[in-house]
Every structure is written in C-alpha cells, then in structure tokens.
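Report on the structure
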Amino acid sequence: MKNFYLTLLFVGSLSFHLQAQEKLTLSGYVKDAENGETLIGATVVVTELSSGNITNVYGFYSITIPPGEYTVDFRYVGYETITKVINLNSNQRLDVELSAGSQQLQEVVVSARAEDANVSEVEMSTQEMDIKTIEKIPAFLGEVDVIKSIQLLPGVSSVGEGASGFNVRGGSVGQNLILLDEAPVYNSSHLLGFFSVFNPDAVKDVKLYKGGIPAKYGGRISSVLDVRMKEGNSKRYAASGGIGTIFSRFAVEGPIAKEKASFIIAGRRSYADVLFRPFVEALQDGAQLYFYDLTLKTNYTYNDKNRIFLSAYLGRDVFMFDKQQGFTWGNKTATLRWNHLFSDQLFSNLTLLVSDYDYSLAFGDDDEDLFEWDSNIISYQLKPEFSYFINTNSELTFGGDAIFYRFKPAEARGVSVGEEIDISLDEKRALESSAYVGLEQKAGNFTVQGGLRYSNFNYLGGAKVFTYGDTIPGYKKPVESVEETEQGDIVKTYHNLEPRFSMKYQLSPTSSLKASYNRMAQYIHLISNTTASNPLDLWTPTTNNIKPQIGHQIAFGYFRNFKDNAYEASAEVYLKRNQNQIDYIDGAILFFNETLEGELLSGDGRAYGLELYVKKNKGVFTGWLSYTLGRSELKVDGIGDEWYPTRFDQLHNVTFSTFYELNKWWTLSSNLSVISGTPFTSPNGRFTQQGYLASTIDTRNAGRIPPSHRLDVSATWTFKDVKRNGKPRRGEHSMVFTAYNVYARQNPFTIYFRQGKETPQEGQPYTTEAVQVSIFAALIPGISYNFKF
C-alpha cells in the first residue's frame with residue numbers, strides 16, 4: 001500500500017507540472033461570518049470563465065486558472081453572495097466569510113448554494129438536508145430527528161412506525177454505512193428506534209448516498225449516510241437546547257483561542273423514569289427507563305496549512321425491569337483528524353478513529369439464580385485521504401483505509417442454584433484494508449466521475465474454525481471438522497475490485513441527464529431475523545463459511561429546474577443485483593450458537609424501482625413531494641425455487657412535506673405519508689398436538705399487511721429576547737407544537753396468528769385468529785421549548 005500512495009503522489013506531482021504551467025491557484029476556506037463554521041459545498045465561481053469549484057467537507061476550495069484579473073462569487077444556501085475582484089499574479093490564499101444577515105445593500109443578493117446543483121453537478125441518487133430543514137419537519141413528540149427526516153426522501157423507508165434504522169432502495173438496515181464524523185455507528189437508535197443517536201444541536205450537515213457512491217466510501221452495499229458535526233463557534237460563546245415532552249438537551253460552544261481553536265459540547269437525557277417514579281411502583285423498586293448521549297468536538301488551527309480536529313460520542317439506553325434484570329446498549333466513538341495542505345492544490349486528511357457498540361442483558365432473582373450476557377463490536381480505523389485540484393475542470397482523489405475488527409458475540413454465564421455455567425463464545429477478529437483513486441473531469445456539456453477501489457479482507461485466527469459438509473438445502477449443515485487457530489493466523493482472505501462511475505450530460509442550463517454504476521463489497525454482516533432491527537442483533541465477519549456480500553447498482557436520471565431554480569424535479573430509475581445475501585433455515589438459533597454458520601443460507605438479491613421528486617425551494621411556501629415505486633426480492637437455495645419479497649419490500653411510498661412561513665413569528669409544517677404494506681410470513685396450514693394448535697409454513701413472506709398512512713402537523717412560534725430599549729438581543733426562543741398521527745390511524749406494524757382463547761367442545765375444530773400489531777393507535781400531541789443565545 002505504501003508503494004500505491006508513492007505512485008499516486010508521483011502522478012499528482014507530474015500532473016501539476018504538466019497542467020499547471022503558466023497557471024496560478026486561488027485557494028482558501030469559506031466560513032460562516034456569525035460563528036466561524038466552515039461551509040460544506042459552498043460555490044466559488046469565476047465569472048469570466050463561467051466555471052469554478054465547490055468547497056469540500058472541510059470548507060476548502062482550490063481553483064487553478066491562468067494569471068489575470070477575475071471577478072469571483074462566493075455563494076451558499078441562504079447566505080449573502082460576496083463578490084471579490086482578484087488580481088491573480090501569484091498563488092493566493094483567500095478565506096471568505098459569508099453572512100446570513102440582512103439585505104440592506106442593493107448589490108447583495110441572497111443566493112442558494114449552487115441553486116442548480118441538482119442539474120449542474122455530476123452527483124445523482126444523493127440527498128442532502130441541512131439541520132434548519134430537519135428542525136422544521138413535524139416530529140414525534142416535537143423532537144427533531146435525523147433518521148426519521150431522511151425517511152421522507154425518495155428511495156428511503158422503514159418496515160413500520162417506530163422501527164429502528166432505515167432501508168434504502170430495497171436494502172436491509174445492516175447494508176447502510178452510517179458515519180458520525182467519519183466514525184461508523186453500528187446501531188443508530190435510541191428508545192428501540194423512536195429516536196436516533198444524532199443530537200440536532202451538534203449536527204452540521206447530513207448527506208445520503210443512495211447510488212453513484214464515490215470510491216472513497218466502502219464497506220456496505222446499499223447506502224452511505226454521512227453526518228458531520230459542528231466545529232464549535234470560534235467567534236463567541238453560545239448555548240442552545242430545549243425542553244421537550246420526553247427528554248431535554250443542552251449544548252454549549254465557543255472559542256478556546258479566538259478564531260484559532262473552538263469547541264462544542266452537546267448532551268441529552270430522557271427523564272420518563274424521573275417524572276413517573278412517584279407514580280410507578282416498579283420505578284421505585286429500581287426499574288430504570290432512560291437514554292442519554294454526550295457529543296463533543298474541538299479543533300485547533302496550528303497555521304494556514306495545518307488543522308486538527310478531535311470529536312467523540314458517548315450514548316446509552318437503559319431498560320431495567322428492577323435492580324438486577326433488564327438490558328442496556330450504547331455506542332462510543334472517537335475521531336482524530338489532521339488536515340494538511342501540501343500545496344495550494346493538494347489537500348490531505350488523516351483520520352484515526354475507534355467505534356464501539358455493545359449491549360448487556362441480565363435476568364435473575366439473586367446471585368444464586370441469574371443470567372448475564374455481554375456482546376460488542378469494536379473497530380479501529382486509519383484512513384488517509386488526498387484531494388488534488390488539478391484545475392477548474394479536473395479533480396483527483398486518492399487514499400485508503402485499514403480497519404481492525406473485534407467481534408464478541410457472547411460473554412455470558414448462567415447460575416442455577418449457585419452452580420455457574422460459562423456459555424461464552426469465542427471472539428472473532430478481522431482486518432479490512434482498501435485503496436482507492438477517483439477522477440472527476442469536465443469537458444463541455446459532459447462531466448465524468450470515475451473511480452476504482454480495491455478492498456482486501458482477512459479473517460484472522462484466535463477462535464475455533466468450523467468446516468461444514470453439504471446437506472439438503474434448507475437444513476442445518478453438519479460439522480465436518482473443528483480447528484483451533486492462533487491469534488495472527490490468516491484463516492481466509494477475500495479481495496475485490498469495486499469500480500465506480502458517474503456521468504452527467506447538460507441538456508440545457510436547466511436540465512441534465514445522469515447515469516451511474518457502482519460495485520460494492522461488504523465484509524461484515526448484521527444477523528437478525530426479527531421484523532425490525534433491534535439492539536440485540538449480531539454483527540459477524542465474513543469467514544471461511546460466510547462470503548462477502550457483493551452489490552451492483554446502475555441508475556439513470558433526468559433532472560430539471562423551473563422558474564429560476566425556484567422549483568426542482570427529478571426522475572430516477574435503478575436496478576440492483578446482489579450476491580451472497582444471508583437468510584436463515586427455519587428455526588435457526590441465532591444466539592449462543594457456535595455453529596450458527598451452519599444454519600445460514602446464501603442467495604441472490606435484486607431490487608428495482610422508480611423515484612420521482614418535486615421540490616419548491618423559494619417563497620413563504622416550500623416543501624417537496626416524493627414517490628417511490630420499488631421491489632426488493634431474494635432468491636435463496638433452501639427457501640423455494642422462486643424469488644420472494646424481503647421483509648422491507650414496499651411497492652408504493654408517497655410523502656408530501658410542506659412548510660409555510662405564516663409571518664416572522666409563526667411557521668406551519670405538515671407531513672403526509674402513504675405506504676404500501678410490507679410482507680410477513682403467514683401460515684398455510686395447521687395441526688393440533690396435545691391440545692395446542694400449531695401452524696405450518698410453506699412460503700416465506702407470502703402475506704402482506706395492509707397499507708399505512710399518517711398525517712403529522714406542527715406549528716413553531718419563534719420569538720427573540722428584547723432589551724429595555726427595544727433592540728433585539730442575540731437570543732432566540734421557540735415553542736414547537738406537534739400533532740403526530742392527526743387522525744389516529746392504527747397503522748399495522750405486523751400480523752401474527754394465535755390460537756383462539758376459548759377451548760372448543762369435543763369434536764369441534766380449534767379456532768385461530770390473526771392479530772394486527774400497531775405501534776401508534778392514537779393522536780400523539782407534543783410540545784417542546786427551544787432556545788439559542
């Protein structure tokens with residue numbers, strides 16, 4: 001890998017000398033004038049050349065052009081455009097601060113960040129939401145949430161209300177790469193999925209890649225959710241937070257050394273256990289029901305070429321039925337990053353991070369009779385990345401990463417009448433590494449973005465290695481041999497080439513055609529056979545018995561803007577073919593089973609669909625309408641010979657989100673969703689045994705629950721602190737009133753069958769009944785108070 005990087009650096013250096021002759025570079029950072037936060041995706045345009053660049057995820061831009069005098073515009077969503085006249089007779093560093101303030105100067109125009117970005121940029125199958133939009137969306141109990149917000153976008157769904165995680169274009173929850181400041185998050189849910197781990201007070205930017213995924217991303221085959229945290233106000237001290245129906249939050253940020261170092265600390269805690277303790281006897285006897293999280297970040301600018309970031313997250317959910325029984329789960333992440341400028345054109349970022357997800361389960365009356373189970377996954381990662389801005393038409397990216405995994409499926413013991421039994425399973429280890437290169441090239445009406453990623457995965461020793469024999473498909477495989485391995489041994493190696501390609505053809509200034517293809521490899525797998533993902537699901541590595549998942553996706557899209565970019569519309573079609581998809585034999589035992597791999601099945605997956613999206617960007621009335629038509633299916637040897645729907649297959653998904661600025665104090669918003677029912681496995685026969693009724697199952701996921709639909713509305717009242725002399729202060733307050741599930745729709749989550757409650761008379765058949773489970777069956781009001789000062 002060292003030779004790979006040296007070669008790329010040599011190529012980059014050679015390109016610099018060949019292409020940058022008689023050219024100079026204008027580079028710098030674009031920041032928010034109010035708080036010093038760098039702005040991701042700000043547009044820098046050279047008027048005379050009708051070309052430019054956008055800032056990267058660290059707010060950096062670089063433009064290489066011939067010497068001369070130029071007019072340069074700096075633009076960002078909702079901020080005032082700044083125009084600079086530059087006499088470029090040498091390489092120049094120009095840092096710019098944009099303001100979201102008043103429009104008193106006539107030459108200042110409030111301009112969106114590349115208002116035509118959906119048409120002019122090569123990216124497709126990508127959705128980006130700023131935190132201000134997320135905060136306006138009607139939310140459960142008035143608490144804004146990142147994960148629930150992205151489920152309103154085309155191609156994104158969940159298996160039902162209150163379900164944890166999300167599904168993208170027919171993919172499973174475990175096929176999404178979720179990043180918090182580049183650290184992977186292995187479980188993104190609080191309260192079993194009602195809220196996510198992302199504190200909105202600390203979130204800066206949210207970007208979802210559904211397709212056309214750049215070569216720098218790898219490890220999952222369905223999507224990438226990249227969440228970036230705020231860096232902290234480098235201008236002044238500030239605080240924000242809120243008091244809600246179920247939890248409160250508080251964040252403080254400010255400069256450590258003004259405009260050189262800053263920090264942000266944000267925390268949340270639910271308090272149902274505190275409020276209801278006087279009224280609930282179980283809570284008085286030691287039961288606990290709460291979650292908390294703490295997010296922090298700091299950064300230090302050493303000089304114009306070096307900047308260091310340190311961010312961390314700590315969160316936990318606690319569900320204790322009494323002092324000894326219950327379960328808990330939580331995430332811990334830490335990310336250390338170093339930004340370095342080798343030159344005005346070569347930007348680098350070196351990241352070192354760790355992520356740890358664990359859960360614990362405990363039952364028992366006392367030390368003589370108990371059961372305890374701990375499980376976790378830990379990953380350590382080193383990731384160097386480079387961006388070489390060749391000129392306004394070309395950008396080269398390259399880098400790689402190395403990830404060391406530790407999987408602990410079970411550290412468990414049981415005690416019965418004082419006798420202890422250790423039922424722990426061996427820890428598994430693995431090493432994943434990769435290297436990538438990507439190039440974006442503009443040529444007239446065409447823009448092409450190509451990339452290649454090479455990934456390598458080693459399943460390491462230190463645990464028992466099982467070899468299984470063949471059997472009838474659908475039945476448990478027999479164990480042929482068991483081998484004890486040493487730590488450091490390489491048990492099995494896999495490697496894959498993962499090409500990426502995206503293309504855009506500009507039909508006109510307001511319309512374009514786009515296409516993309518990506519091949520992805522996934523080496524870790526989420527083992528779950530429940531309706532929705534839950535905290536006790538297991539992550540396991542690719543082994544000598546489990547092959548890596550391989551995903552192929554091709555997509556085509558048409559993009560069009562109207563009325564000076566006030567409206568945008570898009571239509572995309574996609575086709576996905578996946579290999580080595582995991583399913584389970586009937587009656588598979590997923591926990592405390594050292595021969596679990598013998599009960600897994602492998603097959604093919606496919607998903608295809610159409611996504612339509614219309615959005616209004618300007619005016620007092622804004623919002624979007626999205627429609628997804630999609631199928632998601634599996635074909636697994638051992639579960640019939642035909643394709644069958646996945647548990648998260650949804651034919652139709654419609655969402656309509658609106659925002660209305662009634663006046664400077666009140667904002668109204670609504671969200672209407674209509675979704676086809678998802679499949680479930682229904683019995684096709686029954687028999688009785690010893691007075692009990694049992695079901696037989698022939699086809700997986702052959703039934704389908706009824707469709708669901710829901711309307712949510714909210715009203716936000718915003719008011720500011722006022723001094724005695726009548727001048728407004730910096731402080732801002734708001735009250736958010738929400739009504740979730742306005743017309744009390746009992747949307748089905750799943751359906752199961754049970755024996756009738758009454759015992760039949762002799763000679764009469766047993767009765768069965770279908771039971772529909774709904775998470776919400778009533779209107780749920782919410783109110784929260786939010787503040788900033």
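Keep in mind the model is a prediction, meaning the values are calculated, not measured.

1. Re the overall build of the protein
Within the protein, the regular secondary structure consists of 6 helices and 53 strands. The buried share of the protein, reckoned over its 789 residues, is 54%. Here the contacts in the protein between residues at least 6 apart in sequence split such that 66% fall between residues at least 24 apart. By element, 56% of the accessible surface of the protein is carried by carbon and sulfur atoms, the whole surface being about 34900 Å².

2. Focus: the pairing of strand E4 (residues 60-65)
Counting buried positions along E4 yields 6 of 6 residues, so the element is predominantly enclosed. Here E4 shows no split at all, with Phe60, Ser62 and Thr64 on one side and Tyr61, Ile63 and Ile65 on the other all buried.

3. Quick look at the pattern of salt bridges
This model, assessed by the stated rule, comprises 41 salt bridges. Close ionic contact of Arg337 with Glu182 constitutes a salt bridge, the shortest N to O distance being 3.5 Å. Pair noted here: Arg337 is in strand E25 (residues 326-341) and Glu182 is in the loop between strand E14 (176-180) and strand E15 (183-184), with a separation of 155 residues, a long-range link. Classification of Arg337 by relative accessible area gives buried; the value is 2%. Here Asp201 and Arg249 are joined by a salt bridge, their closest N and O atoms 2.8 Å apart.

4. Some details on the confidence of the model for the protein
The predicted coordinates of low-pLDDT regions are not to be read in fine detail. When pLDDT is averaged across the protein, the result is 87; 89% of the residues are at 70 or more. Confidence, expressed as mean pLDDT per element, reaches its minimum in the protein at strand E10 (residues 110-111) with 33 and its maximum at strand E35 (residues 511-522) with 97. Every residue in residues 4-20 is under pLDDT 50, and counting partners more than four places away or in other chains gives 22 contacts. Note that residues 102-113 has pLDDT below 50 and, in this model, 30 contacts with residues that lie over four places away or in other chains.

5. Looking at empty space enclosed by the protein
Taken as a whole, this structure holds 8 cavities of 30 Å³ or more when the rule is applied. Empty space within the largest cavity amounts to approximately 580 Å³. Elements with a contribution of two residues or more to the lining of the largest cavity: helix H4 (146-150), strand E12 (156-157), strand E43 (652-661), strand E44 (666-675) and strand E49 (708-722). With 4 residues, E49 is the largest single contributor of residues to the lining of the largest cavity. Here the residues of the lining of the largest cavity are counted per class, giving 17 nonpolar, 17 polar and 6 charged. Roughly 190 Å³ of volume is contained in the second largest cavity. Taken together, 21 residues line the second largest cavity, and the ones lying closest to its centre are Val173, Tyr186, Asn187, Ser188 and Trp539. The greatest single-element share of the lining of the second largest cavity, amounting to 3 residues, is contributed by E14. Across the lining of the second largest cavity, the residue classes tally to 10 nonpolar, 9 polar and 2 charged.

6. Describing a negative patch on the surface
A surface patch of negative charge is lined by Asp365, Asp366, Asp367, Glu368 and Asp369. Inspection of the secondary structure puts Asp369 in strand E27 (residues 369-391). By relative accessible area, Asp369 is classed as partly exposed at 40%.

7. What about the nonpolar core?
The biggest cluster of nonpolar side chains holds 49 residues, and the ones touching the most others in it are Phe195 and Tyr405. The element that contributes the greatest number of residues to this core is strand E28 (residues 394-416), accounting for 5 residues. Every residue in contact with Tyr405, bar those within four places of it in the chain, is listed here: Tyr186, Ile378, Ser379, Lys428, Arg429, Ala430, Glu432, Phe457 and Ile524.

8. What about the environment of Ile178?
Tracing the backbone through its elements, the reader meets Ile178 in strand E14. Separated by 49 residues in sequence, Ile178 and Val227 place their C-alpha atoms 7.7 Å apart. Apart from residues no more than four positions distant in its own chain, Ile178 is found in contact with Phe166, Ala183, Pro184, Val185, Ser188, Phe198 and Leu225.

9. A look at the packing of aromatic side chains
Enumeration over the complete set of coordinates arrives at 44 aromatic pairs. Taking 6.4 Å as the distance between ring centres and 25° as the angle between the ring planes, the aromatic pair formed by Tyr290 and Tyr292 counts as stacked. Ring-pair connections join several aromatic residues into one group, and the members of that group are Phe140, Phe194, Phe195, Phe247, Phe291, Tyr740 and Phe776. Over the ring of Phe309 we find Arg337; its NZ or CZ atom is 5.3 Å from the centre of that ring.

10. Topic: the sheet that holds strand E3 (residues 51-54)
What the 4 strands build is an open sheet, ordered E3-E2-E5-E7; its pairing is antiparallel. The open sheet is flanked by E3 and strand E7 (82-88), the only strands paired with a single partner. Taking the axes of each pair of neighbouring strands and ignoring which way they run, one obtains an average angle of 25° across the sheet. Of the strand pairs in this sheet, strand E5 (residues 68-75) and E7 are connected by 7 bridges, and their pairing is antiparallel. Of the residues in E7, the one forming a bridge with Val72 is Lys84.

11. Things to note about the environment of Thr530
Following the sequence through the fold, Thr530 ends up in the loop between strand E36 (524-527) and strand E37 (538-541). As a C-alpha pair, Thr530 and Arg647 span 117 residues in sequence and 9.4 Å in three-dimensional space.

12. Brief notes about the sheet that holds strand E11 (residues 126-130)
The mixed open sheet is built from 5 strands, whose spatial order is E11-E18-E19-E14-E15. Taken across any chain shown, the strands that pair with only one partner, and hence form the sheet edges, are E11 and E15.

13. Some words on a nonpolar patch on the surface
Taken together, the side chains of Tyr300, Tyr302, Ile308, Leu310, Leu336, Trp338, Leu350, Leu352 and Leu382 define a hydrophobic patch exposed on the protein surface, amounting to about 830 Å² of accessible area. Among the elements of the structure, strand E23 (288-303), strand E24 (306-320), E25 and strand E26 (346-366) are those that each provide at least two residues to the nonpolar patch. Mapped onto the fold, Leu382 is located in strand E27.

14. Looking at unusual backbone geometry
Unusually for a residue other than glycine, Glu259 sits at a positive phi of about 60°. With respect to the element layout, Glu259 can be found in the loop between strand E21 (247-257) and strand E22 (261-270). Residue classification places Glu259 among the partly exposed residues on the basis of a relative accessible area of 48%. Its identity is not glycine, yet Asn741 carries a phi of approximately 65°, on the positive side. Tracing the sequence through the fold places Asn741 in the loop between strand E50 (728-740) and strand E51 (750-755). You can call Asn741 buried: its relative accessible area is 0%.

15. Remarks on the pairing of E26
Relative to E26, E25 is paired through 16 bridges, and the arrangement is antiparallel. Each bridged residue has a counterpart across the sheet, and for Leu336 the counterpart in E26 is Leu352. Relative to E27, E26 is paired through 20 bridges, and the arrangement is antiparallel. In the sheet register, Phe363 faces E27, and the bridge partner there is Phe371. Counted along the chain from E26 to the antiparallel partner E27, the turn is 2 residues long.

Cut-offs applied
Residues numbered from 1 in each chain as written. Predicted model: local features only at pLDDT ≥ 70, side-chain atom pairs only at ≥ 80, totals over all residues. Heavy atoms only, no water. Helix = DSSP H or I, 4+ residues; strand = E, 2+ residues; numbered from the N terminus. Buried < 20%, exposed > 50% of the residue type's maximum accessible area, 1.4 Å probe, protein only. Contact = heavy atoms within 4.5 Å. Areas by Shrake-Rupley, 256 points an atom, 1.4 Å probe, with all protein chains shown as cover. Salt bridge = Lys/Arg side-chain N within 4 Å of Asp/Glu carboxyl O. pLDDT = per-residue confidence, 0-100. 1 Å grid on protein atoms, 1.4 Å probe; cavity = no way out; pocket = protein on both sides within 12 Å on 5 of 7 lines; lining within 4 Å. Points joined across faces, edges and corners; volume = space filled by probe spheres on them. Nonpolar A, V, L, I, M, F, W, Y, C, P; charged D, E, K, R; others polar. Patch = residues over 30% accessible without salt bridge, like charges linked within 9 Å, V, L, I, M, F, W, Y side chains within 5 Å. Lys, Arg positive; Asp, Glu negative; His and termini not counted. Charge placed at Lys NZ, Arg CZ, Asp CG, Glu CD. Core = buried A, V, L, I, M, F, W, Y, C linked by side-chain atoms within 4.5 Å. Phe/Tyr/Trp six-rings, centres within 6.5 Å; stacked < 30°, edge-to-face > 60°. Lys NZ or Arg CZ within 6 Å of the ring centre and 35° of its normal. Pairing = 2+ DSSP bridges. Axes fitted to C-alpha atoms, helices over the stretch in contact; angles between N-to-C directions.

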